[in-house]
Each structure stands twice: as structure tokens, then as C-alpha cells.
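# A closer look at the structure
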Amino acid sequence: TNLFQMASRPHTSELWIANTDSRNRVRFESALRGHVVDNRITRITVGDDACSRIIELNPCVDYQRPGDDEARALALAQPTDIAFSPDGNVAYVAAFGSDRIGVLEGSGCIVARMELSDNDPLYASPRDKRGPRGLAHHPKADRLYVMNRLSDSISVIDTKRRLAIHETSMTDPTPTHIRE
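What you see is a predicted model, and the numbers here were worked out from it, not measured in a lab.

Our focus in this paragraph is the overall build of the protein chain. Along the protein chain, the regular secondary structure elements total three helices and twelve strands. Expected size for 180 residues packed as a compact globule is a radius of gyration near 16 Å; at 17 Å, the protein chain falls within 12% of this value. The C-alpha extent of the protein chain, read off along each of the three principal axes, is 45 × 40 × 30 Å. Relative to its full complement of 180 residues, the protein chain shows a buried share of 38%. Expressed as a percentage of contacts within the protein chain between residues at least 6 apart in sequence, the contacts between residues at least 24 apart total 39%. Of the roughly 10,400 Å² of accessible surface on the protein chain, a fraction of 50% belongs to carbon and sulfur atoms. Seen as two clouds, the 23 positive and the 25 negative side-chain charges of the protein chain have centres 2 Å apart.

Spelled out as C-alpha cells, the structure:
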């Protein structure tokens, strides 16, 4: 189980935590049937009425059957960061493992998925993936900034159109032999 990032939802008493939950209590690989981890957001309400709620990021996946292209096209795997719109009504989730950004409404329902490139995410080479790792929402504009670790770039997303509009390269000081 990994907790990646925590964000406070504006104008509420909620904390949202991007995390994966390993299914360590299921014994034996054959019983897991490839379902080794759940990708999720944990929403915690603090205060007198404290409670928590799990938001499953892949409710469309039927783990009783083999994976298919339809499920992979909707997957939000390895959630690494969360950023909220300034009004707190929309949460954006960086899905590092599936190379896209999930869009959730305040209730936690997934309303969209945004691709970071024109490459087909189902068949893209790992060398062509962006690897969204960090998010920041502009405080006054409809812009989401995405730090992409694998491509060493920053993507700019128009949050109204839910579309990547620009990408800028970064300089990574990691030696090439380490990065490769």
C-alpha cells in the first residue's frame, strides 16, 4: 500500500489522498488473477462528523475476466497527485501508470479522462509515455500544469476544454545511463 499525495479540498473539511492498496490479504498469486492492487482516492472528512470514503478509480474493470482494450482505455493507474480547481468542485488526479489525468467531481465520480499526448495510450511504447507525476492548478485561469517525469516535461491543460494545449521540455540532471 502506498500513499502518494494528499490535498485539502478548498472550502471544505476534506482531505483527499491518492493511493494504491495492495491486496496482501489475498493468499496465492492464482487467487489474485492479476488483481494485485486497487488504485484509489481516500476521501477523509475531518471534524465532529469525521469519516472516510474510498473512491475506486477503476470501477469499470471486471476483475473476473482478462483485461481488455476497453478497460485499459478507461484505466486510472497509480494515482500520484491530486489538484483541485480553485472552487473545489473538480479534482484532477495524475495517473502515472496509465499516462493520463482523471477528472472527478466533488462527490468523487469520475467524469472524464484526459490524455496528455496524441499517442494511443494502449499501444504507446513506454519511451513515448509522459508519466504524469505532479499537478498544479492555476489559481485564476482554467489551466492545469502537469509535471511529467518520464518525458521530463511540463504539460499545460485547458481545463474547460479538457485538452492538453502545450508541452515544454525540462532539463533532467539524471545521468543518461541511470535514466535508461
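Here is a general trend for soluble globular proteins: nonpolar side chains tend to be buried in one another's company. With 13 residues, the main nonpolar core has W16, I41, I82 and L104 as its most contacted residues. Looking at this core, the elements with two or more residues in it are strand 2 (14–22), strand 5 (79–84) and strand 6 (90–95). For this core, the element with the highest residue contribution is strand 6, accounting for three residues. Of all hydrophobic cores here, the second largest spans twelve residues; its members include A83, I101, V103 and A112.

Here we take up the layout of surface pockets. Taken as a whole, the second largest pocket holds about 280 Å³ of empty space. Along its surface, the second largest pocket is lined by P126, R127, K129, R149, L150, D152, T174, I178, R179 and E180. In terms of residue class, the lining of the second largest pocket is made up of three nonpolar, one polar and six charged.

Sheet topology places strand 11 (residues 153–158) next to strand 12 (residues 163–169); six bridges connect them, and they run antiparallel. In the sheet register, I157 faces strand 12, and the bridge partner there is A164. In this structure, the hairpin formed by strand 11 and strand 12 is closed by a connection of four residues, where R162 is found at a positive phi of approximately 55°.

What follows deals with the packing of aromatic side chains. This structure, assessed with the given rule, holds one aromatic pair. Consider the rings of W16 and F84, whose centres lie 5.1 Å apart with planes at 80°: the pair is edge-to-face. Here W16, found in strand 2, pairs with F84, found in strand 5; they are 68 residues apart in sequence, far enough to count as distant. The class for F84 is buried, based on a relative accessible area of 10%.

This part takes up the pairing of strand 2. Looking at chain direction, strand 1 (residues 2–8) and strand 2 are connected through six bridges and run antiparallel. Within strand 2, the position partnered with N2 by the bridge is T20. If you look at the hairpin formed by strand 1 and strand 2, you'll find five residues sitting between the two strands, and H11 has a positive phi there, around 65°. Sheet topology note: the strand 2/strand 3 (residues 37–45) ladder contains nine bridges and is antiparallel. What sits directly across from N19, in strand 3, is R40.

The strand order across the open sheet formed by four strands is 5-6-7-8, and the pairing between neighbours is antiparallel. Of all strands in the sheet, those with a lone pairing partner are strand 5 and strand 8 (110–115), marking the two edges. Sheet twist, expressed as the mean angle between neighbouring strand axes with direction ignored, is 25°. Sheet topology places strand 7 (residues 100–105) next to strand 8; five bridges connect them, and they run antiparallel. Bridge pairing in strand 8 links G102 to R113.

Cut-offs used in this document
- Numbers given to residues run from 1 along each chain, matching the order in which its sequence is written.
- With the structure being a predicted model, the display of local features is reserved for residues of pLDDT at least 70 and the display and counting of side-chain atom pairs for 80 or more, all residues being used for whole-chain, interface and lining totals.
- Heavy atoms from the whole structure form the basis of all side-chain values; hydrogens and water molecules are not counted.
- Where helices and strands are cited, they refer to DSSP runs of H or I of at least four residues and of E of at least two residues respectively, numbered from the N terminus.
- Two things to know: the radius of gyration comes from C-alpha atoms, and the globule rule equals 2.2 Å times the number of residues to the power 0.38.
- Burial here depends on accessible area, computed with a 1.4 Å probe over protein chains only, as a share of the maximum for the residue type. Under 20% is buried, over 50% is exposed, and the range in between is partly exposed.
- Throughout, a contact is declared for two residues whenever any of their heavy atoms are within 4.5 Å.
- For the accessible areas, the method is Shrake-Rupley and the probe is 1.4 Å, while residue cover comes only from the protein chains on display.
- His residues and chain termini do not enter the charge count, which takes Lys and Arg as positive and Asp and Glu as negative.
- Every charge is mapped onto a representative atom, which is NZ of Lys, CZ of Arg, CG of Asp or CD of Glu.
- Take the buried Ala, Val, Leu, Ile, Met, Phe, Trp, Tyr and Cys residues and link them wherever side-chain atoms come within 4.5 Å; each set so joined is a nonpolar core.
- Think of a 1 Å grid over the protein atoms and nothing else: a 1.4 Å probe that fits but is trapped marks a cavity, an open set flanked by protein within 12 Å on at least five of seven lines marks a pocket, and residues with an atom within 4 Å of a point count as lining.
- Grid points are joined across faces, edges and corners, and a volume is the space filled by probe spheres set on the points.
- Residue type decides the class: Asp, Glu, Lys and Arg count as charged, Ala, Val, Leu, Ile, Met, Phe, Trp, Tyr, Cys and Pro as nonpolar, and the leftover types, Gly among them, as polar.
- Here, any two strands with at least 2 DSSP bridges between them count as paired.
- Only the six-membered ring of Trp is used, alongside the rings of Phe and Tyr, when aromatic pairs are assigned; centres must lie within 6.5 Å, and planes under 30 degrees apart are stacked while those over 60 apart are edge-to-face, with the rest tilted.
- Axis definition: a line fit to C-alpha positions, over the contact stretch in the case of helices; interaxial angles, taken between N-to-C directions, run 0 to 180 degrees.

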